[in-house]
Each structure stands twice: as C-alpha cells, then as structure tokens.
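Descriptive structure summary
Next come the chains, spelled out residue by residue.
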Amino acid sequence: KKKPLALGGYFPRESRSPPSSLPPPPRNSRLNSMATEAQAQWVLTATGRSPTNIAVIKYWGKRDEALILPVNDSISVTLDPDHLSATTTVAASPAFPSDRMWLNGKEIALSGGRFQSCLREIRKRARDVEDEKRGIKIKKEDWEKLHVHIASYNNFPTAAGLASSAAGFACLVFTLGKLMNVNEDYGELSSIARQGSGSACRSIYGGFVKWCMGKSDDGSDSMAVQLVDESHWDDLVIIIAVVSSKQKETSSTSGMRDTVETSPLLQYRAQTVVPGRILKMEEAIKNRDFESFARLTCADSNQFHAVCLDTSPPIFYMNDTSHRIISLVEKWNHSEGTPQGCLHI
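Labelled according to an unreviewed UniProt entry, the chain appears under the name Diphosphomevalonate decarboxylase, originating from Aegilops tauschii subsp. strangulata. As recorded by UniProt, the Catalytic activity (unreviewed entry) comment attached to the chain reads in full: "(R)-5-diphosphomevalonate + ATP = isopentenyl diphosphate + ADP + phosphate + CO2".

Right, dumping it as structure tokens:
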C-alpha cells in the first residue's frame, strides 16, 4: 500500500558537530571570507526520505540526453517509503573545503554532470537562511561559496531494476532544497530532479504520478504532476519480487540510447501507442478500475520488453524466474476469468 512522500525539513543542529553519517570538518581548513572564527564549526543539516516508484506506463528513450527529456509521457505509482526508499542527509559548513558525497557508506565522485546539474539548479534558487539562536546568517549569494557533504542510503539493491536513482535524486533535490530554503513548488522540484534521473521527477510525489514529456527544447515543461494521492486507491497492494539483486548487465542509460538509435518499434510506441494508452490508464486509475488497469499494465510491460528485443544489440532484462512468474500470474488470471493481478517487469 502507498504512503505519502516522507521527507524531512530544515533542521539546524544545536550541537557544533556534524551528523554522525558525515566525516568531521578538517581542523586546519581556511575559512570562507564570509565566516568568522567563531562560526568556523557550525554545520547546518537537513534529512529526507524518498521512495522509489514503479512505472505502469513506461518511460524508455530520450529525445535530449543532456536534459533527460523523454520521447513519451509515463505514469507510475510511488511505493511505501518504509519498504523501498532512499534516506539522505545533506550538510553545509564553512569548514567544508569541497563538495563530497557518500552512497551506502562508500564515497562516490560528485563530478558527474547529473549531480552538478541538480546542485547548480538548487543553488541558483537558494534563499537567505537565518538561525538567530546560533547567530548564523546565510545570504542567498553565500550558497555559491558554501560546500555541501551528502550521505545517502538505499534500503534496497542499487542498479537492480528498482529505480534506486529515482529515489536517490528525488531525495537529494528535495533535501538540498530544504537546506537552502528554496521556495519552488513540487512541480518545479520535479523538473530539477529529472535532470539527475528521469524517473526521479515522479518520486517527488506520492500516489499515482504522470511525467509529462513536454514540448519545449529547454525542458521547462517536462515535469511531474500528481494524478491522485496515496489515499485514492488504498486497497491496491503492490508486491515487489526481487528475482535477482545483481546489477543489470545493460544500464538504463546505455540501453535507452541504443534503443532510440536502432529500434523502429520504439518510434511507433512513442508516437502511436503510448498517447492513447496514457488516457486509458488515467481513466482506469480515476475509477479504480482494476481490470482495465491490469490489462494496460501488462500490455505496456510486454511492449517494453519487445522494444528491448527490437534494439541492436538486443537487451534482456528478464530471466527464467521472471518468465515463470509471468506464466503463473497469467494462469491465475485465466482460471478466475478476470485479472486478479498484473505484472510490470
């Protein structure tokens, strides 16, 4: 069952030490010109949690690699954050000499274009922050000089087909926004999260979410909108079956690129099939029509894998266990006469 997006707010720490998940600031670092010696050890933090999402109408293929603009609209359901989510703590201090990040306890490079895009866009929208009790005042222009430390943890396998990057970038953008006191609404934040990972824009919201592909070349209208909240279909149960926790042989990024370049079926899907399917799925969700929802979800899953097979070289995201599960659910539905369950693999 689905719960609302669970994200933390702006929580300046009362102590002068950084959070336990982050390394202490260097003892002999030079302080930024805006900080005094007395301010040298302050650390401001924000912590958030964001769930992953499962697409029922799939996003596959980009029309712009740099901005991560999709070739079609997509619809997803946001999962329970207690089960599948990313938890992120971000901290800022004048004692930090550089931006750094740790994922599941291991430091990773922040030099990648996607991380830098999210940081740049949030810093651009940062506002004044003041903590009178601790005598800290940060002007919006100071955020360009302050460095951040980021510690993120996923409670499920990374790169195993469960959209860990969606949860991670949604959480990163939202939590950085809280730390830097940005005033953008969820739609605007989803557009920023999209630049980290396309599906991340949908994890900004709970419930059922539509990612509108947009038409503008700059991506300004490519963002997520919430179709219904998490209470709309509260008797819908989602089961996640992890048939393998190994990393995918073909990453989504490289797989999409190959599909866009080589698959004629993708173009037919994006231009002809998905627009009509989106409208039918919105109607099924609105009416809580499980029979229509199940048929559309299964059909979209099957076509997604057909597109992958139509790619050169072909992409395989299912294994023998996946095929056995599909067979079992199909037999169950056939024996009952109406869909009792549906699969999106």
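Taken across its 8 residues, strand β2 (residues 44-51) has 6 buried, putting it largely inside the fold. Summarising the sheet, β2 and strand β7 (residues 85-93) pair through 8 bridges and their orientation is antiparallel. Within the sheet, the bridge partner assigned to serine 50 lies in β7 and is alanine 86.

Attention now goes to the confidence of the model for the chain. Interpretation of the predicted coordinates at a detailed level should be avoided for regions scoring low in pLDDT. Model confidence for the chain is summarised by a mean pLDDT of 86, while 86% of its residues fall at 70 or above. Here strand β1 (residues 10-12) is the element of the chain with the lowest mean pLDDT, 28, and strand β13 (residues 208-212) is the one with the highest, 98. When the criterion is pLDDT under 50, residues 1-38 qualifies, and its contacts beyond four places in sequence or with other chains add up to 101 contacts.

Here we come to the packing of aromatic side chains. Counting across every chain of the model gives 11 aromatic pairs. Plain terms: the ring middles of tryptophan 60 and tyrosine 317 are 5.9 Å apart, the flat faces sit at 80° to each other, and that makes the pair edge-to-face. Of the two residues, tryptophan 60 is situated in the loop between β3 (53-57) and β4 (62-64) and tyrosine 317 in the loop between α6 (290-309) and α7 (320-336); the sequence distance between them amounts to 257 residues. Residue tryptophan 60 is classed as buried on the basis of its relative accessible area, which comes to 3%. Geometrically, the ring pair formed by phenylalanine 208 and phenylalanine 293 is edge-to-face, given 5.9 Å between the ring centres and 85° between the ring planes. Separated by 85 residues along the polypeptide, phenylalanine 208 in strand β13 and phenylalanine 293 in helix α6 bring together distant segments of the chain. Each member of the pair, phenylalanine 208 as well as phenylalanine 293, carries the same accessibility label: buried. Aromatic rings pair up to connect Phe208, Trp233, Phe290 and Phe293 into one cluster.

Right, let's talk about the pattern of salt bridges for a bit. This structure, assessed with the given rule, holds 14 salt bridges. Among the salt bridges present, the one from aspartate 99 reaches arginine 123, with a minimum N-O distance of 3.0 Å. Of this pair, aspartate 99 sits in the loop between β7 and β8 (100-103) while arginine 123 is found in helix α1 (residues 113-125), placing the two residues 24 residues apart along the sequence. Here lysine 210 ties to glutamate 282 by a salt bridge, and the two come within 3.0 Å at their closest N and O atoms. Of this pair, lysine 210 sits in strand β13 while glutamate 282 sits in helix α5 (residues 264-286), and the two are 72 residues apart along the sequence. Under the relative-accessibility criterion, lysine 210 is labelled buried at 15%. Residue glutamate 282 is classed as partly exposed on the basis of its relative accessible area, which comes to 24%. Residues joined by salt bridges that share partners form a network here, namely Arg120, Glu121, Lys124, Arg125, Glu184 and Glu188.

Moving on, we come to the sheet that holds β13. Taken in spatial order, the 4 strands line up as β3-β6-β13-β14 in an open sheet, and their pairing is antiparallel. Strands at the two margins of the open sheet, each flanked by one partner only, are β3 and β14 (223-228). Sheet twist, expressed as the average angle between the axes of neighbouring strands with direction ignored, equals 35°.

Counting residues in hydrophobic clusters, the biggest one holds 47 residues, and the most contacted among them are Trp60, Ile122, Ile138, Trp143, Leu179 and Met180. In terms of residue count, the dominant contributor to this core is helix α2 (residues 164-179) (7 residues). If sequence neighbours within four positions are ignored, isoleucine 138 has contacts with Trp42, Leu44, Arg127, Asp128, Val129, Trp143 and Leu146. Listed in part, the 22 residues of the second largest apolar core include Ile57, Val77, Ile278 and Ile285.

As a further point, take the side chain of serine 191. Mapped onto the elements of the fold, serine 191 is located in helix α3 (residues 186-194). Since its relative accessible area comes to 7%, serine 191 is described here as buried. Engagement of the side chain of serine 191 in a polar contact is seen with the side chain of arginine 194, the distance being 3.1 Å. Every residue in contact with serine 191, bar those within four places of it in the chain, is listed here: Gly219, Ser222 and Met223.

Scoring rules and cut-offs
Residues numbered from 1 in each chain as written. Predicted model: local features only at pLDDT ≥ 70, side-chain atom pairs only at ≥ 80, totals over all residues. Heavy atoms only, no water. UniProt positions renumbered as here; feature names shortened; annotations may be inferred. Buried < 20%, exposed > 50% of the residue type's maximum accessible area, 1.4 Å probe, protein only. Helix = DSSP H or I, 4+ residues; strand = E, 2+ residues; numbered from the N terminus. Pairing = 2+ DSSP bridges. pLDDT = per-residue confidence, 0-100. Contact = heavy atoms within 4.5 Å. Phe/Tyr/Trp six-rings, centres within 6.5 Å; stacked < 30°, edge-to-face > 60°. Salt bridge = Lys/Arg side-chain N within 4 Å of Asp/Glu carboxyl O. Axes fitted to C-alpha atoms, helices over the stretch in contact; angles between N-to-C directions. Core = buried A, V, L, I, M, F, W, Y, C linked by side-chain atoms within 4.5 Å. Polar contact = N/O pair within 3.5 Å; in protein donor to acceptor, adjacent residues only side chain to side chain.

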